[in-house]
Amino acid sequence: MNRRYLKTAPLALVALQAACTQAPPPAPPDTRAADEQTIRDSETQWVKDFAAKDMDKIVAHYTDDGSVLMTGIPIMTGKDSIRGVLKDVVADPGFGLELKTVKVEVSKGSDLAYSQGTYSFTSTDPKTKKPLVEKGKYVEVYKKQADGSWKIVEDMNNADAPAAPAK
Amino acid sequence: MKRWYGTTVPMVLLLLQAACTQTPPPVPDTRAADEKAIRDMESQVAKQYAAKDLDKIMSAYADDAASLVANLPVQTGREAIRAMIQKALADPAIALDLSTAKVQVSRSGDQAYSQGAYTYNFTDPKTKRVMLEKGKYVEVYKKQADGSWKIVEDTGIPDAPAAPVKPSTPSRSKSKSRAKKGK
């Protein structure tokens, strides 16, 4: 017995070492840099979707249970209510939206992320019919979907100051 | 040789299995406890504002936190946020109450966010009347090295412009006016 174990022990150790450095599978790869880029690209694309007034594409950036938190109206949850409000905003011929992504932070497990940035929103003043510009800031919270895409679960913004006539 | 391997291979396999299922231990799922920790933090806010305890209020913020408040540019860093809150606390009517609607924690337990509703009382600097603002918020949290959660993004968005708080009318005069209306 002893002799057998003496000879097989090194083999077993080698086998163990080999197996244990290979398995269990390594921790999931760190995709945070790629995820950050995806989210930045998505915000760039979103601005284009707004410029094209493409409601389907605009709303496709949200999860089904996404929420929009805007000044002056209660929280809107779900794609239908978001679409209802954004449709009216986009219908304004003077509508314009620019976003500037300041930062994106992705969770270690790459299932949750958020971005922070600034915006410039142009609309037509209902009274004077002249363009109004509102500058403000936003935070978006994103969730990675089963297909690997990132969608907005919380979309908030508020103004830095009351909107002013465009110069 | 053949006999050797015949008996040792199963043993090696057993060893392998035991060693490889034990190491490394899986990262524990702390999401339920994390959610509770964040809800507990938010439930303290009203008390901290009532006590005007600036240090306790500030203890919820990360060093690089940003606060996104309506009609002010983004406030970044503890100093800027502290100055803003200190100014607000000088108002005797100040009151802030949060009602947490949901908390979601990342799988890795390092990032989380909450969403909820708030009520905020303050004195209108022009009319000197006590105002009530109702709104909603999103907070983004990051877990710190010591295991605590701190706010990295702090937002508040009013549902409507703040309105004066109605002076509390004694119940008798209320019923009187109702009676008048009835006539």
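We now turn to the structure provided with this report. (Residues numbered from 1 in each chain as written. Chains lettered and ligands numbered in written order. Predicted model: local features only at pLDDT ≥ 70, side-chain atom pairs only at ≥ 80, totals over all residues.)

**Some remarks on the overall build of chain B**
What counts, and what does not: Counting from the N terminus, the helices are DSSP H or I runs at least four residues long and the strands are E runs at least two residues long. With C-beta atoms placed from the backbone, the exposure class of a residue follows from how many other C-beta atoms lie within 10 Å of its own: 20 or more, buried; 12 or fewer, exposed; in between, partly exposed. C-beta atoms are placed from the backbone for every residue, and two residues are taken to be in contact when these atoms lie within 7 Å.
When helices and strands are counted, chain B shows five helices and eight strands. Walking chain B from its N terminus toward its C terminus, one meets helices and strands in the order α-α-α-β-β-α-β-β-β-β-β-β-α. The buried share of chain B, reckoned over its 183 residues, is 26%. The long-range fraction of contacts in chain B, counting pairs at least 24 apart against all pairs at least 6 apart in sequence, stands at 55%.

**Overview of the overall build of chain A**
Per the secondary structure count, chain A includes four helices and seven strands. When the helices and strands of chain A are listed from N to C terminus, the series reads α-α-α-β-β-α-β-β-β-β-β. Looking at the 167 residues of chain A, the share that counts as buried comes to 24%.

**Description of the pairing of strand 1 (residues 62–69) of chain A**
All names here are of chain A. The following threshold applies: A strand pair is defined by DSSP finding two or more bridges across the two strands.
Where strand 1 meets strand 6 (residues 150–159), four bridges bridge the pair, whose relative direction is parallel. Its bridge partner lying in strand 6, Tyr62 is registered against Ile152. Bridge analysis of strand 1 against strand 2 (residues 76–77) gives two bridges, and the strand direction is antiparallel. Among the inter-strand pairings, Val68 is bridged to a residue of strand 2, identified as Met76. Hairpin connection, strand 1 to strand 2: the antiparallel pair is bridged by six residues, and Gly72 has positive phi, about 90°.

**Remarks on the pairing of strand 6 (residues 149–155) of chain B**
Residues and elements named next belong to chain B. Counting buried positions along strand 6 yields six of seven residues, so the element is predominantly enclosed. Two strands pair when backbone bridges link them, and strand 1 (residues 61–68) and strand 6 are joined in this way by four bridges, in the parallel orientation. Bridge pairing in strand 6 links Leu68 to Thr155. As defined by bridge partners, strand 5 (residues 130–143) adjoins strand 6 across five bridges and the pair is classed as antiparallel. Note on strand 6: the bridge partner recorded for Glu139 is Asp154. Counting the residues between successive antiparallel strands, the hairpin from strand 5 to strand 6 contains five residues, one of them, Gly147, with a positive phi of roughly 90°.

**Examining the environment of Trp46(A)**
Residues and elements named next belong to chain A. Note that Trp46 resides in helix 2 (residues 32–51). Taking the C-alpha atoms as reference points, Trp46 and Tyr138, separated by 92 residues in sequence, lie 14 Å from one another. Look past the residues within four positions of Trp46 in its chain and what remains in contact with it is His61 and Leu99.

**Looking at the environment of Lys130(A)**
Residues and elements named next belong to chain A. Here Lys130 lies in the loop between strand 4 (112–124) and strand 5 (131–144). The class of Lys130 is exposed, set by 10 C-beta atoms lying within 10 Å. Distance from Lys130 to Gly94, taken between C-alpha atoms, is 8.6 Å for residues 36 residues apart in sequence. When sequence neighbours within four positions are dropped, the list of residues in contact with Lys130 reads Asp125 and Pro165.

**Points about the nonpolar core**
Selection rule: Connectivity within a nonpolar core runs through C-beta atoms within 7 Å, and the core itself is a set of buried Ala, Val, Leu, Ile, Met, Phe, Trp, Tyr and Cys residues.
Counting residues in each nonpolar core, the largest one holds 49 residues, and the members touching the most others are Ala113(A), Val139(A), Val141(A), Tyr142(A), Val138(B), Val140(B) and Tyr141(B). Beyond its immediate chain neighbours, meaning those up to four positions away, Val140(B) contacts Tyr114(A), Val139(A), Val141(A), Tyr113(B), Val152(B) and Glu153(B).

**Regarding helix 2 of chain A**
All names here are of chain A. What counts here: To estimate the expected span of a helix, count its residues, drop one, and scale the result by 1.5 Å. Think of the arc as the fan of directions from the helix axis to the C-beta atoms.
In this model helix 2 runs 29 Å from its N-terminal to its C-terminal C-alpha over 20 residues, within 8% of the 28 Å that 1.5 Å per residue would give. Here helix 2 has its buried residues at Asp35, Ile39, Ser42 and Phe50. The arc that holds the buried residues of helix 2, viewed along the axis, is 65°, so those residues lie on one side. Pointing more than 90 degrees away from the buried face of helix 2 are the exposed residues Ala33, Ala34, Gln37, Asp41, Thr44 and Lys48. Of the surrounding elements, those touching the buried residues of helix 2 are helix 3 (55–59), helix 4 (79–91), strand 3 (96–106), strand 4, strand 5 and strand 6. A positive phi of about 50° marks Lys53, the residue just after helix 2.

**Examining unusual backbone geometry**
Residues other than glycine seldom take positive phi values, yet Lys53(A) does so here, at roughly 50°. For Lys53(A), the position within the fold is in the loop between helix 2 and helix 3. Residue class for Lys53(A) comes out partly exposed when judged on the 15 C-beta atoms lying within 10 Å of it. With a phi close to 65°, Asn71(B) is a non-glycine residue in the positive phi region. The topology assignment puts Asn71(B) in the loop between strand 1 and strand 2 (75–76). Judged by the 12 C-beta atoms lying within 10 Å of it, Asn71(B) falls in the exposed class.

**Some words on helix 2 (residues 31–50) of chain B**
Given 3.6 residues per turn, any residue in an α-helix points the same way as the ones three and four places further on. All names here are of chain B. This is how it is decided: Note that bend, as reported per residue, equals the angle between axes fitted to the 7 residues terminating at that residue and the 7 residues originating from it.
In this model helix 2 runs 30 Å from its N-terminal to its C-terminal C-alpha over 20 residues, within 8% of the 28 Å that 1.5 Å per residue would give. A maximum bend of about 30° is found in helix 2 at Gln44. Buried within helix 2 we find Asp34, Ile38, Met41 and Tyr49. Buried residues along helix 2 sit against helix 3 (54–58), strand 3 (95–105), strand 4 (111–123), strand 5 and strand 6. Just downstream of helix 2 lies Lys52, where phi reads positive at about 50°.

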